[in-house]
Every structure is written in C-alpha cells, then in structure tokens.
Amino acid sequence: MTAAAENFVDFQNVWLAYNDELLAQNHFAVEDINLQVKQGEFIAIVGPSGCGKSTFMKLTTGLRRPTKGSIHVGGQMVDGPLKISGMAFQAPSLLPWRTTLDNVLLPLEIVEPYRSQFKEKRAEFEARAIDLLRSVGLGGYERQFPWQLSGGMQQRASICRALIHEPKMLLLDEPFGALDAFTREELWCTLRDLWTERRFNVILVTHDLRESVFLADTVYVMSKSPGRFMVRQEIDLPRPRDLEITYTPAFSDIVHDLRSHIGAFRKT
Amino acid sequence: MNPKTLERWSPIILLVLTLLIWEGLCRAFSVSEFIFPSPSRIAQQTVEYSGVIAAHAWRTYWVTMAGFGLAIVVGVLLGFVIGSSRLAYAAVYPLMTAFNALPKAAFVPILVVWFGIGIGPAILTAFLISFFPITVNIATGLATLEPELEDVLRVLGAKRWDVLVKVGLPRSMPYFFGSLKVAITLAFVGTTVSEMTAANEGIGYLLISAGSAMQMGLAFSGLVVVGVMAMAMYELFSYIEKNTTAWAHRGSQNT
C-alpha cells in the first residue's frame, strides 16, 4: 500500500449504480474507475455530456458512496463528506441576500474549526476573504451584492467561496461553461495563478478540450454510458503557461489528439 | 401631470370616478336607498353611526389578528416540516389540498357547537382560511433549493439543519411575506363570514342586523370598513416585505 500513501486521490476499481434497481439491471453510472492523483496535481476530466463526470465528482467528495471498490483521498477512506474539499459549479449559486464578502465567508460558518471561532475571529476571517477576493480581481466589490456583479465576477466569487477554508482539493464542475470566450480565458488565468500559488489538488470537469489542456497536468477522457476512463494523457507543456501557448502547434496537436478519441467513441 | 404622478394617484382617481358615476346613477334614476344607497347616503350613515361601527370594527380587527397570528405560527411550522422533509411533503400535501378545497364557512356551525357563539368560531375561521397560503409558500421556498448549492454546503459537512438555517429560511422569506399579504385579506373574509352567523358583535354581525333592519347605508358602511382594514394591513405587509427582502425585488430597484 505504499503507492496509496503517496497518491492524494486513489480510486480502486470503483463502480457506482445509483440505486438497487439499476444495480439489478447491471446498469452503472460509472464503471471500473481506477485513478491515482499525486499531491498538488491538476487533473481535468473531459467527455461528452451525460458520461458520468458529475457522478465522479460526487464520489470524490463523498456525497455518494461507491457500490463496489474503494476511494481514498488524502490517505483517508472516503465514506462521507471529507470537509477538505471545496466545490464550484457552472452556476455561481451565490446567495442574493448576502454581500459578496458574506457569500465567501459562508463555508467558514459551517466547517470546523472555523465554525466555532467564527464570532470572535470574524475580523481576521474577513480580512482573509478580502485578500482572496482581491487576488482574483474583485478588490473593492466586497460589499456589493452578487446580482450587482457580472457573470464572470460572480464565478470568481464562487471560486473564492470554494477556497476560503483552504481546502486540500478543489472540485470544479464546468465552472466556466456559461461564460463568454474572453471572460473564460481570463478566468483560466485566474485559476492558474491561484493554483500556482497555493498548490491544492484540482479536479476540473469540463467539455472544453482547450481548457483542459491549458490548465491540467493530466487529462482523462471519459466515455459515455457506461462511464469509463478511456484515455489518460499527460500534458507536458512547460509551466508557467500563458494564453499564447494555446496558439502553438504543440498545444493544437494535443487538443486534436484528444478530440479524435472522443470522436471515436461517438461512432461506436 | 407627468406619467409617474398619474400612476401614483391612479387608484384614487379611479375610486373618485367610480363614486361619482355611482352617485350620478343613483340620482338620475332616483334609486331607493333601501335597494341601493348612494355614496353620499353611505357616508352620511357612516358618520351617524360612527361610534357603533368603530366598536364592531375594532372587534373584527382584533379577532382577525388573533386568527391570523395563529395562522402564521401554525402555517410556518407546518410549512417548515413539509418543506424540509420529502416524506412529510408526500404525506401531507394531498390532504392539505383537499382541506383547502372545503368552504370554510361550512365549518362555522361545527365550531359553534364546540365553542359557542362569540370569538371562538370567528378566530378559528380566520385561522382555517388563512394558514394554507402561508404553509404552501414556506414549503415551496424550502423545497425548491438549488441542488448545487446544497452540494457546496454538504461537502463541507453541513447538516440538514445548517442548510435550512443558512439557505432555506432566508430564501423562503420573500415567499413568506408574499403569502402574508394574501393571508391577511383571507383572514378578514373568515372573520366576517363567521360573525354573520355566530356572533353578537363584529362587522359580520353588523351587516346581518343592518340588513334585516333595511339599513342599507349602514350595511354598506360595514363593507367599506372591512375593505379599508384589509387594504391597510395589506399595505403594511407590503411595506415590511419591501424593506426586509429588498434583494428579491432587485429588478425594479436597480435598473
């Protein structure tokens, strides 16, 4: 089990059927997933819609338990929410009655040890949240309400909310899917900088191949029903990467190669 | 007069116009005041009997508020239970709908047997007719939570209770205040209907006794008074709603 110890995320032959009925029909949402992610690694999972990407996220965070197989994260067996991860989705889902600052502080009101210190250390936590907001370019917007911000700004705030309790793992489920192309690329850079600075683990679920290749260390391609990992592709483009790299032939070759795998699944 | 001022004064203008036409018709066709009294006659009788009307109105007012208060407590608790548990929702909702379809006036004779003539049936009728919209709105507010938001919190180890308190309840506040506006007007209906058969005081009782004494002007005064009270309470809750849950009305304020 030495291998398991150095892997931050470790999936061993994981199968999931959503309920007993589907299990009886041998119908699994994800099948035979084996995955090892190193500490601080940025992985991206791409695939057609409905291929079980979101199911995979639920398994990793402990919101769902596998039907077969085992999952370890950070050396712990996952059998419930681990509280060491933060999540952000395509919809920013900020609370409209809270200011941007209070939205970002929400996790600290819930997760221990911050929860019990929240009242006495509020000023310190606020300062931390303001720093974080500033680092994603939202300085000065702390007291604004979410509906006063643009879509891209809301998504930045949503990512701050996912990071405020300093999680070891950040899970992003198509976080930039609803944004326009320019805002999306800006946010890629924001995420890249946050990750470079803090080195948490990232699992990014997306259907944008360029996004996955630009950001991730390793890209996994999933197939549709059953959800299986078909291809594992290490992206050895040099870091730090900037947007220019997306126009190089090396970058295009990787994207093209990944695309051909997805195209192949579609035909069968 | 610019369009904005016109819009603000439009209810009053419409009211005055209606009254003028009404008065005009009554005079033009010399309608008997025992059939359909004119606004001036109603006003005259309102002033003449103002002491009596005020006493009955006060009675109707506090009885309604008692029933309404009860409806808020029960409605919120029930809505909370139904909205936060799928099982409770499945079990209670069909029965609630069936109950809501019953005419509440039909309960009055039963309530009279249980509680006698007086405030008992009136308070309970007001309660029965007005708790339903409150329950439904609270339950809807809680039950229509975005699943992503719930996941964001559950990943952090949030308990059901945390999700309810941090997200569910604040989120259902606009629904709650919206329902209060509906419920308060219904509560006045409940009290008045009950007082018509099961009380010796209150606007409902005044309506019946004025009617049987052919005091049509007085009967109309009673109607006006109930209408004014309901409208005043509606505006009050409307004001509270705007000032406590402004975030839900952002569209109109920030454009």
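Residues numbered from 1 in each chain as written. Chains lettered and ligands numbered in written order. Predicted model: local features only at pLDDT ≥ 70, side-chain atom pairs only at ≥ 80, totals over all residues.

Some points on the overall build of chain B
Turning to step 1, where the next piece is worked out: Helix and strand counts for chain B come out as 11 helices and zero strands.
Turning to step 2, where the next piece is worked out: Listed by position from the N terminus, the elements making up chain B come as α-α-α-α-α-α-α-α-α-α-α.
Turning to step 3, where the next piece is worked out: The principal-axis extent of the C-alpha atoms belonging to chain B is close to 75 × 60 × 30 Å.
Turning to step 4, where the next piece is worked out: Expressed as a percentage of its 255 residues, the buried residues of chain B come to 37%.
Turning to step 5, where the next piece is worked out: Here the analysis covers contacts within chain B between residues at least 6 apart in sequence; of these, 75% occur between residues at least 24 apart. (Helix = DSSP H or I, 4+ residues; strand = E, 2+ residues; numbered from the N terminus. Buried ≥ 20, exposed ≤ 12 C-beta atoms within 10 Å, placed from the backbone. Contact = placed C-beta atoms within 7 Å.)

Remarks on the overall build of chain A
Turning to step 1, where the next piece is worked out: Counting secondary structure elements, chain A contains 10 helices and 10 strands.
Turning to step 2, where the next piece is worked out: Relative to the compact-globule value of 18 Å for 268 residues, chain A shows a C-alpha radius of gyration of 19 Å, a close match.
Turning to step 3, where the next piece is worked out: Dimensions along the principal axes, computed over C-alpha positions, put chain A at roughly 55 × 45 × 35 Å.
Turning to step 4, where the next piece is worked out: Counting only contacts in chain A whose residues sit at least 6 apart along the sequence, the fraction spanning at least 24 positions is 70%. (Rg over C-alpha atoms; globule rule 2.2 N^0.38 Å.)

Comments concerning the nonpolar core
Turning to step 1, where the next piece is worked out: One finds I43, I45, I203 and V219 of chain A to be the most contacted residues of the largest nonpolar core, which totals 80 residues.
Turning to step 2, where the next piece is worked out: Looking at this core, the element that brings in the most residues is helix α7 (residues 151-163) of chain A, giving six residues.
Turning to step 3, where the next piece is worked out: Excluding its chain neighbours within four sequence positions, the residues that come into contact with V219 of chain A are A44, V46, S212, V213, Q233, I235 and L258 of chain A.
Turning to step 4, where the next piece is worked out: Residues I72, I123, I129 and A198 of chain B belong to the second largest nonpolar core, which totals 50 residues. (Core = buried A, V, L, I, M, F, W, Y, C linked by C-beta atoms within 7 Å.)

Some remarks on the interface of chain B and chain A
Turning to step 1, where the next piece is worked out: Across the boundary between the two partners, chain B contributes 17 residues, which contact 19 residues of chain A.
Turning to step 2, where the next piece is worked out: Those elements that place two or more of their residues in the side of chain B that touches chain A are α7 (147-154) and α8 (160-198) of chain B.
Turning to step 3, where the next piece is worked out: Considering every element that reaches the side of chain B that touches chain A, the biggest residue donor is α7 of chain B, with six residues.
Turning to step 4, where the next piece is worked out: Among the residues making up the side of chain B that touches chain A, the classes are represented as nine nonpolar, one polar and seven charged. (Nonpolar A, V, L, I, M, F, W, Y, C, P; charged D, E, K, R; others polar.)

Details of the confidence of the model for chain A
Residue and element names in this part refer to chain A.
Turning to step 1, where the next piece is worked out: Overall, the predicted model of chain A reaches an average pLDDT of 84, with 96% of residues at or above 70.
Turning to step 2, where the next piece is worked out: By mean pLDDT, helix α1 (residues 2-6) is the weakest element of chain A at 51, and helix α4 (residues 100-105) is the strongest at 91.
Turning to step 3, where the next piece is worked out: Below pLDDT 50 for its whole length, residues 1-5 participates in three contacts with residues either more than four positions away or in separate chains. (pLDDT = per-residue confidence, 0-100.)

What to know about the sheet that holds strand β3 (residues 42-46) of chain A
Residues and elements named next belong to chain A.
Turning to step 1, where the next piece is worked out: In space, the six strands of this open sheet follow the order β6-β7-β8-β3-β9-β10, with mixed pairing throughout. A strand with exactly one partner marks an edge of an open sheet, and here the two such strands are β6 (85-89) and β10 (228-234). Neighbour-to-neighbour, the strand axes of this sheet turn through a mean angle of 15°, independent of strand direction.
Turning to step 2, where the next piece is worked out: The sheet contact formed by β6 and strand β7 (residues 169-173) spans five bridges and is parallel. Across the sheet, M87 pairs through a bridge with L171, a residue of β7.
Turning to step 3, where the next piece is worked out: In the packing of α7 onto the sheet, contacts are made with β6 and β7, and the angle to β6 comes to roughly 165°. (Pairing = 2+ DSSP bridges. Axes fitted to C-alpha atoms, helices over the stretch in contact; angles between N-to-C directions.)

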